[in-house]
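Each chain, letter by letter, is given below.
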Amino acid sequence: QVQLVESGGGLVQPGGSLRLSCAASGFTFNTYPMRWYRQAPGKERELVAAISSGGSTNYEDSVKGRFTISRDNAKNTVYLQMNSLKPEDTAVYYCNVYYSGLGYWGQGTQVTVSS
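Chemist: Even after reading the chapter, I still don't get the pairing of strand β7 (residues 67–72), so can you show me in this structure?
Modeler: Across a regular strand the side chains alternate sides, sitting on one face of the sheet and then on the other. Only one face of β7 is covered, namely the face carrying Phe-67, Ile-69 and Arg-71; the face carrying Thr-68, Ser-70 and Asp-72 is uncovered. The loop that links β7 with its antiparallel partner strand β8 (residues 77–82) comprises 4 residues; one of these, Asn-76, has a positive phi angle of about 50°.

Chemist: Would you take a moment to explain unusual backbone geometry for this structure?
Modeler: Trans peptide bonds make up most of the peptide bonds, and negative phi angles are found at most residues other than glycine. Unlike most non-glycine residues, Asn-76 shows phi in positive territory, near 50°. Despite not being glycine, Ser-84 shows a phi value in the positive range, around 50°. Within the element layout of this structure, Ser-84 appears in the loop between β8 and β9 (91–99). Residue classification places Ser-84 among the partly exposed positions, given a relative accessible area of 40%.

Chemist: I keep staring at the environment of Leu-18 and nothing clicks. Help me out?
Modeler: For Leu-18, the location among the structural elements is in strand β3 (residues 18–25). With sequence-adjacent residues up to four places away left out, Leu-18 is seen in contact with Gly-8, Gly-9, Gly-10, Val-12, Leu-80, Gln-81, Met-82, Leu-85 and Val-111.

Chemist: Mind showing me how you'd approach the nonpolar core here?
Modeler: A general feature of soluble globular proteins is that nonpolar side chains tend to end up buried together. Counting 28 residues, the largest nonpolar core has Met-34, Trp-36, Val-78, Leu-80, Met-82 and Tyr-93 as the members making the most contacts within it. For this core, the secondary-structure elements that each account for two or more residues are β3, β4 (34–39), β5 (46–51), β7, β8, β9 and β11 (109–113). With near-sequence residues (within four places) excluded, Tyr-93 lies in contact with Glu-6, Leu-20, Trp-36, Tyr-37, Arg-38, Val-48, Phe-67, Leu-80, Met-82, Gly-108, Thr-109 and Val-111.

Chemist: Help me understand the environment of Ser-17, please; the structure alone is not making it clear to me.
Modeler: Within the fold, Ser-17 resides in the loop between β2 (10–12) and β3. On the basis of relative accessible area, Ser-17 is assigned to the partly exposed category, the value being 40%. Residues within four places of Ser-17 in sequence aside, it is in contact with Val-12, Gln-81, Met-82, Asn-83, Ser-84 and Leu-85. Polar contacts involving the side chain of Ser-17 include one to the side chain of Asn-83, which spans 2.9 Å.

Criteria and thresholds
Every chain begins its residue count from 1, and numbering advances along the sequence as written. For this predicted model, a pLDDT threshold of at least 70 governs which residues receive local features, and a threshold of 80 or more governs which side-chain atom pairs are given and counted, while totals over whole chains, interfaces and linings are taken from all residues. As a rule here, side-chain values cover all heavy atoms of the structure and leave hydrogens and water aside. Note on exposure labels: buried denotes an accessible area under 20% of the residue type's maximum, exposed denotes more than 50%, and partly exposed covers the range between, all computed with a 1.4 Å probe on protein chains only. A run of DSSP states H or I qualifies as a helix once it reaches four residues; a run of E qualifies as a strand once it reaches two. Both are numbered from the N-terminal end. Strands are labelled as partners when DSSP assigns at least two bridges between them. We call two residues in contact when some of their heavy atoms are within 4.5 Å. The nonpolar core is taken to be a set of buried Ala, Val, Leu, Ile, Met, Phe, Trp, Tyr and Cys residues, with the residues joined through side-chain atoms within 4.5 Å. Polar contacts, as counted here, are pairs of nitrogen or oxygen atoms within 3.5 Å of one another; within protein the pair requires one atom able to donate a hydrogen and one able to accept it, and residues that are adjacent in sequence qualify only if both atoms are side-chain atoms.

By themselves, these figures tell us nothing about what the structure is for.
So, in structure tokens, the structure goes:
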């Protein structure tokens, strides 16, 4: 059974940094692309970053140069390093994988950027 467990969120001041982690289980992690999404209050969930099984990465335009997605296949974990955080980055961040035609999500971790 696929499980995704996010951690690392919190309250941070503008300009600060956070590193999110997503521990995955129930599938062969190193063969699947992984994604981070976020959902701000009153807005639709949006794709923030993606990493292929081979390590290629893609980013939503507003986070390019500030966020870095990475994966540790030995630990079955995907990370999102977030630097130079802005108030508009405030959202619940979710880890995602598509496995056997279904999308799986973690419970989410809250990131709040505020002074």
